[in-house]
Amino acid sequence: KKKEGKRKKKKPQKPQEESLDSILASFRQRTKELETAVQEPIDTSFPCPPRGNFTLTLCPTNGLFYMFGGEYYDGSENLVFDELLRWNPDFKADNNDEQEGANENKSDSTDNNNNIDSYDTGKWTRILTPSPTPPPRCAHSAVFHNDGIYIFGGEMATAEKYHHYKDLWRLDVKKNTWEECKSRGGSLPAARSGHRAVAWRHYMIIFGGFQEELRADTRWFNDVHIFDFQTNIWCELKHNKLARLPPARSACNMTVCADALFIYGGYSKLKNANTGAGANKSEGITHIDCWMLPLKPLINASKSGPLSGASPPSWERISRKGEYPSQRAGTSAVLHKNKLLVFGGVLDSEGDQHKMESVFYDDLFALDMERRRWFAMRLKKASGGGRRRKKKDNQDDSKVENDGGNDSDNSEEEDEVPQNDAEAISSGWDFDKLRNDMFAFIDGNGNIVYEKIEDEDEDGEDDSNKIGEEEKTKEAPDLPTDATPVGKTVTREKKQVGVKNVDKIDASAVMQVDSKGLPSTVTRQTPLPRINCAVAIKGNTLYIYGGVVEVGDREVTLDDCWSIDLNKRDKWTCIWPGQMHKQVWKGVDDDDSYISSDQGGDDDEDSLDEDFELDPIHEDDVNNDEKMTEEERKKAKKAAKKAKEKEKRRGVRHEITELKDKLGVDNAQRTPQMGESVAEFYARTTEYWSVEAAKSAGVAAADNGERLSTKELAREGFLQAKKRYEELKPVLERLDELEAMQQEGAEEKHKKKDKKKSSKKDRR
């Protein structure tokens, strides 16, 4: 709060918040001025800031991964990237001097349990390419063909701009230059994002996706488009109206195996055609079906384009067999030999009061596309020697292989084949587990914010009114972490602050609060659950990088990286633990969900923390506006508007509390309900007012030697009820007005959040 003629001291800008927008603008300016490509090492162990919905593509000719695009949402704005990065996971310095030189510019902070030198992070290189270059985008597709990486579609999704792309670009991995591939004809696909693409022979195949427009309904696609790399011609596979096709969707898993296209899962929305409440409301659909499209008819296509004048191949739906994954969307998949490996995902369901409840998964599955069976890819128990797969019915013994150590090429088949086809048991991480394990974060003001955990007291009663402890506000520029790991124990510390309880978690299986009160990571043995991560295969090693996990309204963009040897499959190896504990989340505007280190129960102006002294306004500060850039002015205006709205909400809550406390309106027997008349109020509370009349008027009459009849007591009770009704009527009307304002503000806030998250949900 401000006092007249004074203001709070400004906090120093955090180094990591050195306007990401200005950094990206500088990067783009450099690329415009280049004549040849420039390669430079990045100054962090892994790309920073983290990002989701990017592509990570293996170049088989040099064994390197290429990362392009992506987005990062911090609760306030969405950054979309056009950065091109290259990763060599096998890089190791020749000697200590070279290793020191490689790390001397890295700005990652180290901690006792996660020292960057203890991880084999490989080598990341930023590639600055000369113009032309593709615009920033996310949720696009990327495939490799003939020394080139082809990027198609995607979207630009920021507060200022929302746009779907339908352009096609090729990165020459030898020259490190971009070229836009102009079509020479054919039927071009519509602009879209969340689609999938694969390279097959000399074709690129596109399927699915969605397109969202401001003044039109969102469209989901189930079309198949084929781009011929040799002729630069697009072709659409057009089926007749009676053909059986996969329903339209985005974010499915897709691959090619043995000249056949396979798709699995995905997400879409369908409008509710019912009338009345909920009419025209879109409902999310999480697809669990699997389809196969034979591609052999395309092999003998004429030079004018595939399927020229021929009938397209027909889709075939594949039944679920084996131990298949539970219903989920946002899974990530990659082809390994004849198997589609599927990781992670989320199941969204609508709970009470239309609240979205999500369960995130961290398990790995394999779809054997030759046998058309699912397998759960669990870690193998450490034991001597391998075991044989059970034979099913009279299966040929030649198909049953002993693992013979760690060099088996069919390690997925070594698992016991389930006797019955059934859904795998997957517990997943629900909201309660996520907020308990990811219990603290940093807000836009540098405060440490805790999830507000509702827990049971020792007497078994649910204490749903616990609020935060008044703590000293902490800045978080460098975020040192010096605590020791705490396994999977969740500890709770309960203190008394005045008369209010505090329930505060300080350690979990994912993170902990160190001795300086700052969030830090703990050593884990397996990856966290997530959606939309990058998965890639090199040799027999599966890599998992990044992704997103949602803790209620808070979106955590992960940047950890893991690998697993698919032959041994005995453990996950952490390549990089990630910096999710350092992320700043600026979307903290719900005081009922969080406990901030800058939030306390006393709002009195005289109770301000000593660290927030109020100084006189200096004359130099008056002209600050003139020195601010346009971007800074916009941010300052936005921050001021947000602060004003927050102060207004706080004032409404304070007035509601005062009115209720002053007149005791929480007592239902003494409080009329909205819309009740005097007669209705008295009829509902007759017994209460009869007792009150006997206490007052009855006692007075007895003192005078009189005795009131039942009718007289009833009349006296009615008069007291009427007096109470007239006393509270204006108060209740004001309370109703305030609660309506509160409800309207909450609905508006949720609408804004839903709008920001709508496109991300669409490409789950």
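Along every chain, residues carry numbers that run from 1 in the direction the sequence is written. In keeping with the model being predicted, local features are shown solely for residues with a pLDDT of at least 70 and side-chain atom pairs are shown and tallied solely at 80 or more, while totals for entire chains, interfaces and linings include all residues. Think of the side-chain values as coming from all heavy atoms in the structure, minus any hydrogens and water.

Participant: Which residues make up the overall build of the protein chain, and what values do they have?
Facilitator: Regarding its fold elements, the protein chain presents nine helices and 47 strands. Here's how the labels work: a residue is buried when its accessible area is under 20% of the maximum for its type, exposed when over 50%, partly exposed in between, all with a 1.4 Å probe on protein chains only. The 764 residues of the protein chain split such that 47% are buried. Taking as baseline every contact in the protein chain between residues at least 6 positions apart, the subset at least 24 positions apart corresponds to 67%. Here the accessible surface of atoms and residues is derived via Shrake-Rupley with a 1.4 Å probe, and residues count as covered only by protein chains that are part of the display. Entry remark: accessible area of the protein chain is about 39700 Å², with carbon and sulfur atoms responsible for 46%. In DSSP terms, a helix is any run of H or I states spanning at least four residues, a strand is any run of E spanning at least two, and both are numbered starting from the N terminus. The contact definition used throughout considers only heavy atoms, calling two residues in contact when any of these lie within 4.5 Å.

Participant: Residue-level account of the environment of Ala-329, with values.
Facilitator: When you line up the elements, Ala-329 lands in the loop between strand S25 (323-324) and strand S26 (332-336). For Ala-329, a relative accessible area of 3% corresponds to the buried category. Considered as a pair, Ala-329 and Ile-531 are 202 residues apart in the sequence and their alpha carbons are 7.9 Å apart.

Participant: An account of the sheet that holds strand S27 (residues 339-343) is requested, with residue identities and associated values reported.
Facilitator: Think of it this way: DSSP has to see at least two bridges between two strands before they count as a pair. A sheet is described by the order of its strands in space; here four strands give the open sequence S26-S27-S30-S31, paired in antiparallel fashion. Every interior strand has two partners, whereas the edge strands, S26 and strand S31 (373-376), have only one. Taking the axes of each pair of neighbouring strands and ignoring which way they run, one obtains an average angle of 25° across the sheet. Two elements, strand S30 (residues 364-368) and S31, share four bridges in a ladder whose sense is antiparallel. The partner of Ala-366 across the bridge, within S31, is Phe-375. Between N-to-C directions, angles cover 0 to 180 degrees, with each direction set by a line fitted to C-alpha atoms, over the stretch in contact for helices.

Participant: Lay out the side chain of Asp-74 with the relevant residues and their values.
Facilitator: Its location among the elements puts Asp-74 in the loop between strand S5 (71-73) and strand S6 (78-80). Given the relative accessible area of 8%, Asp-74 is considered buried. At 2.9 Å, the side chain of Asp-74 and the backbone nitrogen of Glu-77 are in polar contact. Here Asp-74 is in contact with Val-584, Trp-585, Lys-586 and Gly-587, once residues within four sequence places are set aside. Counting of polar contacts relies on pairs of N or O atoms within 3.5 Å, with two restrictions inside protein: one atom must be capable of donating a hydrogen and the other of accepting it, and residues adjacent in sequence are counted only when both atoms are side-chain atoms.

Participant: So what's going on with the packing of aromatic side chains? Residues and values would help.
Facilitator: For Phe, Tyr and Trp, where Trp contributes only its six-membered ring, two rings pair if their centres lie within 6.5 Å, and the inter-plane angle classes them as stacked under 30 degrees, edge-to-face over 60, or tilted in between. Under the defined criterion, the tally for this structure stands at 26 aromatic pairs. Both rings, one in Phe-46 and one in Trp-576, keep their centres 6.1 Å apart while their planes meet at 0°; by these two values the pair is stacked. Placement of the pair is Phe-46 in the loop between strand S2 (38-41) and strand S3 (55-59) and Trp-576 in strand S44 (residues 573-576), with a sequence separation of 530 residues. Residue Phe-46 is classed as buried on the basis of its relative accessible area, which comes to 3%. On the accessibility criterion, Trp-576 (1% relative accessible area) is buried. Through a chain of ring-to-ring contacts, the aromatic side chains of Phe-46, Phe-54, Phe-65, Trp-87, Trp-124, Tyr-543, Tyr-545 and Trp-576 assemble into a single cluster. Only lysine NZ and arginine CZ atoms are considered, and such an atom sits over a ring when it is within 6 Å of the ring centre and within 35 degrees of the ring normal. Stacked on the ring of Tyr-165, the Lys or Arg Arg-137 has its end atom at 4.2 Å from the ring centre. Sitting above the plane of the Trp-429 ring, Lys-433 keeps its charged end 4.4 Å from the centroid.

Participant: Run through the confidence of the model for the protein chain, naming residues and quoting values.
Facilitator: The predictor attaches a confidence to each residue, and that confidence, scored 0 to 100, is pLDDT. For the protein chain, the average pLDDT comes to 76, and 66% of its residues sit at 70 or higher. Per-residue pLDDT stays below 50 along residues 456-502; that stretch engages in 133 contacts with residues further than four places along the chain or on separate chains. A low-confidence stretch, residues 599-623 (pLDDT under 50), is modelled with 40 contacts involving residues beyond four sequence positions or located in other chains.

Participant: Let's hear about the nonpolar core: which residues, and what values?
Facilitator: The tendency in soluble globular proteins is for nonpolar side chains to be buried as a group. Counting residues in each nonpolar core, the largest one holds 25 residues, and the members touching the most others are Leu-434, Met-438, Phe-439, Val-549 and Val-556. Those elements that provide at least two residues to this core are strand S33 (440-443), strand S34 (448-451), strand S39 (511-513), strand S42 (541-551) and strand S43 (554-565). Working definition of a nonpolar core: buried Ala, Val, Leu, Ile, Met, Phe, Trp, Tyr and Cys residues. They are joined through side-chain atoms within 4.5 Å. Residues Val-198, Trp-200, Ile-226 and Leu-237 belong to the second largest nonpolar core, which totals 18 residues.

Participant: So what's going on with the sheet that holds strand S15 (residues 196-200)? Which residues, and what values?
Facilitator: As summarised here, the arrangement of the four strands in space is S15-S16-S19-S20, forming an open sheet in which the pairing is antiparallel. One side of each edge strand has no neighbouring strand; the edge strands of this open sheet are S15 and strand S20 (233-236). Across the sheet, the axes of successive neighbouring strands diverge by a mean angle of 20°, strand direction being ignored. Summarising the sheet, strand S16 (residues 203-207) and strand S19 (residues 224-228) pair through five bridges and their orientation is antiparallel. Opposite Tyr-203, over in S19, you have Asp-228 as the bridge partner.

Participant: If you had to explain the pairing of strand S21 (residues 253-256) to someone new, which residues and values would you point to?
Facilitator: Side-chain positions along a regular strand alternate between the two faces of the sheet. The side-chain alternation of S21 yields two buried faces, one formed by Asn-253 and Thr-255 and the other by Met-254 and Val-256. Two elements, S21 and strand S22 (residues 260-271), share four bridges in a ladder whose sense is antiparallel. Note on S22: the bridge partner recorded for Thr-255 is Phe-262. Hairpin connection of S21 to S22: three residues between the antiparallel strands, including Ala-258 at a positive phi of 50°.

Participant: Explain unusual backbone geometry to me, using residue names and the numbers behind them.
Facilitator: Omega for the peptide link from Cys-48 to Pro-49 comes to 0°, which places this bond in the cis form. Structurally, Pro-49 can be placed in the loop between S2 and S3. Looking along the chain, the bond that leaves Ser-131 and enters Pro-132 is cis, with omega of 5°. One non-glycine residue with positive phi stands out, namely Asn-176, at about 55°. Looking at the element boundaries, Asn-176 is found in the loop between strand S13 (168-172) and strand S14 (177-180). Among the residues examined, Asn-176 registers a relative accessible area of 5% and is labelled buried. Positioned with a positive phi, Arg-372 is a non-glycine residue whose angle comes to about 55°. Checked against the element boundaries, Arg-372 lands in the loop between S30 and S31.

Participant: Lay out the environment of Pro-189 with the relevant residues and their values.
Facilitator: Along the chain, Pro-189 turns up in the loop between S14 and S15. Note: C-alpha distance between Pro-189 and Asp-167 (22 residues apart in sequence) is 9.6 Å. Excluding residues within four positions of it along the chain, Pro-189 makes contact with Phe-152, Lys-166, His-225 and Trp-234.

Participant: Help me get a handle on the pattern of salt bridges, residues and values and all.
Facilitator: Here, a salt bridge means any side-chain nitrogen of Lys or Arg that lies within 4 Å of a carboxyl oxygen of Asp or Glu. Tallied over the full model, the rule gives 25 salt bridges. Each member of the salt-bridge network shares a partner with another, and the members are Glu-40, Arg-51, Glu-83 and Arg-126.

Participant: So what's going on with the environment of Gly-587? Residues and values would help.
Facilitator: Tracing the backbone shows Gly-587 in the loop between strand S45 (584-585) and strand S46 (594-596). Note on Gly-587: relative accessible area 9%, which makes it buried. On a C-alpha basis, the gap between Gly-587 and Glu-555 in space is 9.2 Å, while along the polypeptide they are 32 residues apart.

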